Amino acid sequence: MEKIKVGIVNYLNTKPLIYGLQQSPVINDIELIGDYPANIARLLLEGKIDMGLVPVAVIPHLKEYYINTDWCIGCDGPVASVGLFSEVPVEQIETVLLDYQSRTSVALAKILLRDHWKIQPELVDTSKTDFRANIKGTTAGVVIGDRALEQRSKSAYVYDLGEAWKQMTGLPFVFAAWVSNKKLPADFITSFNEANQAGVNCIPSVVATTSYPTFDLHAYYTRYISYQLDQPKRKALKLFLSKLTEITRETALPVRK
């Protein structure tokens, strides 16, 4: 039988989920395709993969979608690896560089700039280069993933987007979920779900096999990343998607490409 193409993200925060897949018999039914989040979203939109751990901001662009499993990349407060980094306090920021690797985090930043911090800086898309050297003066940057964990020790001001969302809404947040562009077999989803759970249950093993001196990975996986896609997160996802629609429609925050 043809294998199910599954897009994965090669960030530290996905390692427990991927570990669970690799230790499960379900790995024999899938072809793993790795890339950064925005590209995994593009592959799902183009039908080049069947399911992916995609930024949830892609959901409104899919003609058909299914949110699979009880697991996600989320947080319930600070997330550590998604932030707005700056040399000046947020109210002094004039320009924000937007991480090209992200969809959801960029959209979340736009929502927080408008509704939480209530500022209107110039927003600048970045290209496929490391733009972090340009975070200086009144120019801030939205940085995600492993690079954000590194940036925490370099920027004077770190505004954690998960924490800011929690302060604004009282809800957790979902950055990415297992989304398919077609209905997949129920037995496959059941096995895939169980593999995810097994991976989350094996966090000590994941930490033991991963060298990353920049950040305490056990704390990252247990205190910052929240993997279970529970009802509060589903409620938060619905709120985020409604705010995303508002942000998409308005022109108050111009973007220069």
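Parameters at a glance
Residues numbered from 1 in each chain as written. Predicted model: local features only at pLDDT ≥ 70, side-chain atom pairs only at ≥ 80, totals over all residues. Heavy atoms only, no water. Salt bridge = Lys/Arg side-chain N within 4 Å of Asp/Glu carboxyl O. Helix = DSSP H or I, 4+ residues; strand = E, 2+ residues; numbered from the N terminus. Buried < 20%, exposed > 50% of the residue type's maximum accessible area, 1.4 Å probe, protein only. Pairing = 2+ DSSP bridges. Axes fitted to C-alpha atoms, helices over the stretch in contact; angles between N-to-C directions. Contact = heavy atoms within 4.5 Å. Polar contact = N/O pair within 3.5 Å; in protein donor to acceptor, adjacent residues only side chain to side chain.

(A) Just the pattern of salt bridges, in detail. By the definition in use, this model includes twelve salt bridges. When the shortest N-O distance is used, the salt bridge between Glu150 and Arg132 registers 3.2 Å. Taken together, the residues span a long stretch of sequence, with Glu150 in helix H4 (residues 146-151) and Arg132 in the loop between strand S7 (122-125) and strand S8 (139-144) at a distance of 18 residues. Given the relative accessible area of 25%, Glu150 is considered partly exposed. The residue Lys233 makes a salt bridge to Asp230 at a minimum N-O spacing of 4.0 Å. Shared partners join several salt bridges into a network, and the residues in it are Arg114, Asp115, Lys243 and Glu246.

(B) Molecular detail of the sheet that holds strand S4 (residues 66-75). Reading across the sheet, the six strands line up as S2-S1-S3-S10-S4-S11 and stay open at both edges, with mixed pairing between neighbours. The outermost strands of the open sheet, each flanked by one partner alone, are strand S2 (30-35) and strand S11 (226-228). With strand direction ignored, the average angle separating the axes of adjacent strands in the sheet is 25°. Inspection of the sheet shows S4 paired to strand S10 (residues 173-180) by seven bridges, in the antiparallel sense.

(C) Structural context of the environment of Arg132. According to the relative accessible area criterion, Arg132 is buried, its value standing at 13%. The spatial distance from the C-alpha of Arg132 to the C-alpha of Tyr11 is 18 Å, given a sequence separation of 121 residues. If we ignore the near neighbours within four places in the chain, the residues touching Arg132 are Val143, Arg147, Glu150, Gln151 and Lys154. Within the structure, Arg132 has its side chain in polar contact with the side chain of Glu150 (distance 3.2 Å).

As far as function goes, none of this settles anything; it's purely spatial.
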